[in-house]
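# A look at the structure
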Amino acid sequence: MDVKFTEEDKYYIAKKKVENIKGFYGNLTSYIFVNIILIIINLWTSPEYLWFFWPLLWWGIGVVFHGLKVFDVFPVLGKDWEERKIKELMEKEKENQNKWQ
């Protein structure tokens, strides 16, 4: 199943990709600045208990997965996986229709 994209489709796909990358960089920037503030607050108010690493760790894991998805490094949920799954589901549907005829 070969799909031909028009120039408008290609533009929309590229625009969506740029929006996703922009969203990732926004998330990364927020992560850096908020965690710097949390580190400062933690060290100033209760240096005997370092709690700042918890949001640093968990939000950091989220940022990593966000980056992997945006830059197509995460193969399980990438475009290729989506295309394969769509083809698989279409074939199953076709088999089920032929089964009852």
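Everything below is about the structure printed above this text.
In what follows, the accompanying structure is described. In this convention, every chain numbers its residues from 1, walking through the sequence in written order. Owing to the predicted nature of the model, reporting of local features is limited to residues with pLDDT of at least 70; listing and counting of side-chain atom pairs is limited to 80 or more, with chain, interface and lining totals taken over all residues. Computation of side-chain values covers all heavy atoms of the structure but excludes hydrogens and water.

### Notes on a nonpolar patch on the surface
Patch definition: residues above 30% relative accessible area lacking any salt bridge, with like charges linked at up to 9 Å and the nonpolar side chains Val, Leu, Ile, Met, Phe, Trp and Tyr linked at up to 5 Å. For the area figures, the Shrake-Rupley method with a 1.4 Å probe applies, and any residue is considered shielded solely by the protein chains shown. Salt bridges are defined by distance alone: a side-chain nitrogen of Lys or Arg within 4 Å of a carboxyl oxygen of Asp or Glu. There is a patch of nonpolar side chains on the surface, built from L43, Y49, L50, F53, W54, L57, W58, I61 and F65 and spanning about 890 Å² of accessible area. Every helix listed is a DSSP run of H or I at least four residues long, and every strand listed is a run of E at least two residues long, numbered separately from the N terminus. Element by element, the count of residues in the nonpolar patch is highest for helix 2 (residues 53-70), at 6 residues. The topology assignment puts L57 in helix 2. Partly exposed residues are those whose accessible area sits between 20% and 50% of the maximum for their type, while under 20% is buried and over 50% is exposed, using a 1.4 Å probe and protein chains only. Among the residues examined, L57 registers a relative accessible area of 39% and is labelled partly exposed.

### Topic: the pattern of salt bridges
Throughout the structure, instances matching the rule amount to 4 salt bridges. A salt bridge links K17 to D72; the shortest N-O distance between them is 3.1 Å. In this pair, K17 sits in helix 1 (residues 7-45) while D72 sits in the loop between helix 2 and helix 3 (79-99), placing the two residues 55 residues apart along the sequence. With a shortest N-O distance of 3.4 Å, K85 and E88 are connected by a salt bridge. One end of the pair is K85 and the other is E88, both in helix 3 and 3 residues apart, which spans about a single turn. Classification of K85 by relative accessible area gives partly exposed; the value is 33%. Using a relative accessible area of 34% as the deciding quantity, one classes E88 as partly exposed. Via salt bridges that share partners, K85, E88 and K92 belong to a single interconnected network.

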